[in-house]
Amino acid sequence: SSLVKTWSYWFKYEVIILADFLEHLKNPQQVLKDSLNYLSADGVVIISVPNTGYWLVRILYFLNIRPQFDRTIFDRTLHHDFNLSKIRNLLKKNKLQEIQLQVTPIPLPAVSSFFNKNRPGFIIYFLNYFLAKIWPDFFAYQLIIIANHIKKSWTQKVFEYKDSDMWERSLN
């Protein structure tokens with residue numbers, strides 16, 4: 001434990017990638033918070049999660065149907081459902097600001113070659129991608145967020161210093 005704390009004090013990373021595992025954890029908030037100890041002041045964190053706000057998931061959940069598979073958005077090992085507002089709330093709780101949102105549509109070409117480029121079904125895949133870009137909470141299958149620490153203005157830093165006991169000590 002002390003070795004980890006020492007390591008995080010001396011070594012910081014420019015990029016931390018949390019790809020497709022926060023939803024499997026019992027406490028993703030704590031894991032993200034602990035991960036930020038290793039992030040440099042100017043570093044970024046890249047988080048990807050399946051979007052349970054996806055239209056098909058919403059319909060199935062509304063009908064009280066929760067399919068269970070070994071992988072995909074219906075993976076039976078998921079502990080948390082993330083949609084765009086939930087992942088943004090997680091960022092806010094950890095004092096992170098979103099820099100960029102990337103989305104992926106449902107991976108139709110992985111299901112059938114009918115949806116591959118130069119095939120008739122590609123237009124459906126392309127349309128799904130277009131809709132995911134303009135309405136991510138409803139049409140994105142996967143959410144990828146790039147975020148960094150919220151930068152404080154000099155006035156915020158002054159007021160934090162003034163509120164701390166260091167202010168009192170400097171006056172004495």
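Basis of the calculations
Residues numbered from 1 in each chain as written. Predicted model: local features only at pLDDT ≥ 70, side-chain atom pairs only at ≥ 80, totals over all residues. Heavy atoms only, no water. Salt bridge = Lys/Arg side-chain N within 4 Å of Asp/Glu carboxyl O. Helix = DSSP H or I, 4+ residues; strand = E, 2+ residues; numbered from the N terminus. Buried < 20%, exposed > 50% of the residue type's maximum accessible area, 1.4 Å probe, protein only. Pairing = 2+ DSSP bridges. Axes fitted to C-alpha atoms, helices over the stretch in contact; angles between N-to-C directions. Phe/Tyr/Trp six-rings, centres within 6.5 Å; stacked < 30°, edge-to-face > 60°. Lys NZ or Arg CZ within 6 Å of the ring centre and 35° of its normal.

Summed over all chains, the structure comprises 3 salt bridges. The partner of aspartate 137 in a salt bridge is arginine 58, and the shortest N-O contact between them spans 3.1 Å. With a gap of 79 residues between them, aspartate 137 in helix H7 (residues 136-139) and arginine 58 in helix H3 (residues 55-62) connect regions that are remote in the sequence. For glutamate 98, the salt bridge is made with arginine 88, and the minimal N-O distance between the two is 2.6 Å. A residue pair is termed long-range when its members are at least 10 positions apart, and glutamate 98 in strand S3 (residues 96-104) and arginine 88 in helix H4 (residues 84-93) qualify at 10 residues. Relative accessible area serves as the criterion here: at 36%, arginine 88 is assigned to the partly exposed category.

The subject of this paragraph is the sheet that holds S3. An order of S1-S2-S4-S3 is seen for the 4 strands of this open sheet, with the pairing classed as mixed. One side of each edge strand has no neighbouring strand; the edge strands of this open sheet are strand S1 (13-19) and S3. Strand after strand, the sheet turns through a mean of 15 degrees between neighbouring axes, direction not considered. Both S1 and strand S2 (residues 39-50) contribute to a ladder of 6 bridges, which runs parallel.

Further remarks concern the packing of aromatic side chains. This structure, assessed with the given rule, holds 7 aromatic pairs. With centroids separated by 5.7 Å and ring planes inclined at 45 degrees, the aromatic side chains of tyrosine 54 and tryptophan 55 adopt a geometry described as tilted. Tryptophan 55 gets classed as partly exposed once you look at its relative accessible area, which sits at 32%. Plain terms: the ring middles of tryptophan 135 and phenylalanine 139 are 5.5 Å apart, the flat faces sit at 65 degrees to each other, and that makes the pair edge-to-face. Under the relative-accessibility criterion, tryptophan 135 is labelled partly exposed at 48%. Exposure remark for phenylalanine 139: the relative accessible area of 14% places this residue in the buried category. One aromatic cluster is present, built from ring pairs that chain together Tyr54, Trp55 and Tyr141. A cation over a ring is seen here: arginine 66 above tyrosine 61, with NZ or CZ 3.8 Å from the ring centre.

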